[in-house]
Amino acid sequence: MSKICVFLAEGMEEIEALTVVDLCRRAGIELSTVSITDSRMVTSSHGITVQADEVLSDINFDEVDMIVLPGGMPGTLNLEACQLLMEQVEAFDKQGKYLAAICAAPSIFGHKGMLEGRSACCYPSFETELRGAQVSRNPVEVSGHIITSRGMGTAIDFALSIVARMKGQSCADEIKKAIIYQQ
């Protein structure tokens, strides 16, 4: 069974994180929300406190198939400042394991040189940070093992793309129909 970890940092965009959680769990995908600190309580950029399932120090990354990075400010900066998480992001990239980021968070991949020659998208004011990428205005870009998306308004598309990678397009289509999502 596949396992996804959605990493939560103070100042995250809660819709971007929790939409992935909701739709992946509807799809029956094993998913943990993970605080990057020792506290399971994480406050979003809009003052909503979320209780993570786990903390970073408890994660066995050998059991994880995908890392998901929600955006938001200063959430994205806090994710990028987390050395242990960034080491794992780099390791996943080298292994070709799935990495997904939305809003400002794809800039992290750009800073690490992971987008060279790939199509990618992000929140418009961060597009210059997608170093080496062919920048797209599509809601979601899937380029090899890296999935990127533009922001809160594309969170459902982002989550459905993750479901499609992990459980197949037919599962994503069933969820899309069940939640009455119309593009």
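Going by the structure above, here's the rest.
This write-up is about the structure you can find in this document. (Residues numbered from 1 in each chain as written. Predicted model: local features only at pLDDT ≥ 70, side-chain atom pairs only at ≥ 80, totals over all residues. Heavy atoms only, no water.)

**Brief notes about the packing of helix H5 (residues 155-167) against helix H6 (residues 169-178)**
- Two elements in contact, H5 and H6, have axes whose closest approach is 7 Å; the angle formed by their N-to-C orientations is 145 degrees. Of H6, the residues touching H5 (which contributes Leu-160, Val-163, Ala-164 and Lys-167) are Gln-169, Cys-171, Ala-172, Ile-175 and Lys-176.
- Here the residues of the contact of H5 with H6 are counted per class, giving 6 nonpolar, 1 polar and 2 charged. (Axes fitted to C-alpha atoms, helices over the stretch in contact; angles between N-to-C directions. Helix = DSSP H or I, 4+ residues; strand = E, 2+ residues; numbered from the N terminus. Contact = heavy atoms within 4.5 Å. Nonpolar A, V, L, I, M, F, W, Y, C, P; charged D, E, K, R; others polar.)

**Some points on the nonpolar core**
- With 34 residues, the main nonpolar core has Ile-4, Val-6, Val-20, Val-68, Phe-158 and Ile-162 as its most contacted residues.
- For this core, the secondary-structure elements that each account for two or more residues are strand E1 (3-8), helix H1 (14-26), strand E6 (66-69), strand E7 (98-102), H5 and H6.
- In contact with Val-6, other than residues within four places in its own chain, are Ala-17, Val-20, Val-21, Leu-31, Ser-32, Thr-33, Val-34, Val-68 and Pro-70.
- Ala-9, Phe-61, Leu-79 and Cys-82 belong to the second largest nonpolar core, which has 29 residues in total. (Core = buried A, V, L, I, M, F, W, Y, C linked by side-chain atoms within 4.5 Å. Buried < 20%, exposed > 50% of the residue type's maximum accessible area, 1.4 Å probe, protein only.)

**Considerations on the pattern of salt bridges**
- A full pass over the atoms with the stated rule returns 7 salt bridges.
- In this structure, the salt-bridge partner of Asp-22 is Arg-26, at a minimum N-O distance of 2.4 Å. Here Asp-22 pairs with Arg-26, and both are found in helix H1, just 4 residues apart, close to one helical turn.
- For Arg-26, a relative accessible area of 52% puts it in the exposed group.
- Two residues, Glu-129 and Arg-131, come together in a salt bridge whose shortest N-O distance is 3.4 Å.
- On the basis of relative accessibility, which here comes to 23%, the residue Glu-129 falls in the partly exposed class.
- For Arg-131, a relative accessible area of 44% gives the class partly exposed.
- Because the salt bridges share partners, they merge into one network encompassing Glu-127, Arg-137 and Arg-150. (Salt bridge = Lys/Arg side-chain N within 4 Å of Asp/Glu carboxyl O.)

**Topic: helix H3 (residues 83-95)**
- Helix length check: H3 (13 residues) gives 18 Å between terminal C-alpha atoms against 18 Å at 1.5 Å per residue, within 8%.
- Where H3 is concerned, the buried positions are Leu-85, Met-86, Gln-88, Val-89 and Phe-92. With its buried residues spanning 160 degrees around the axis, H3 presents them on a single face. Residues of H3 that are exposed and angled more than 90 degrees away from the buried face: Gln-83, Lys-94 and Gln-95.
- Next to the buried residues of H3 lie E1, E6, helix H2 (75-80), E7 and helix H4 (106-111).
- Gly-96, located one to two residues past H3, shows a positive phi value of around 75 degrees. (Expected span 1.5 Å × (residues − 1). Arc of directions from axis to C-beta.)

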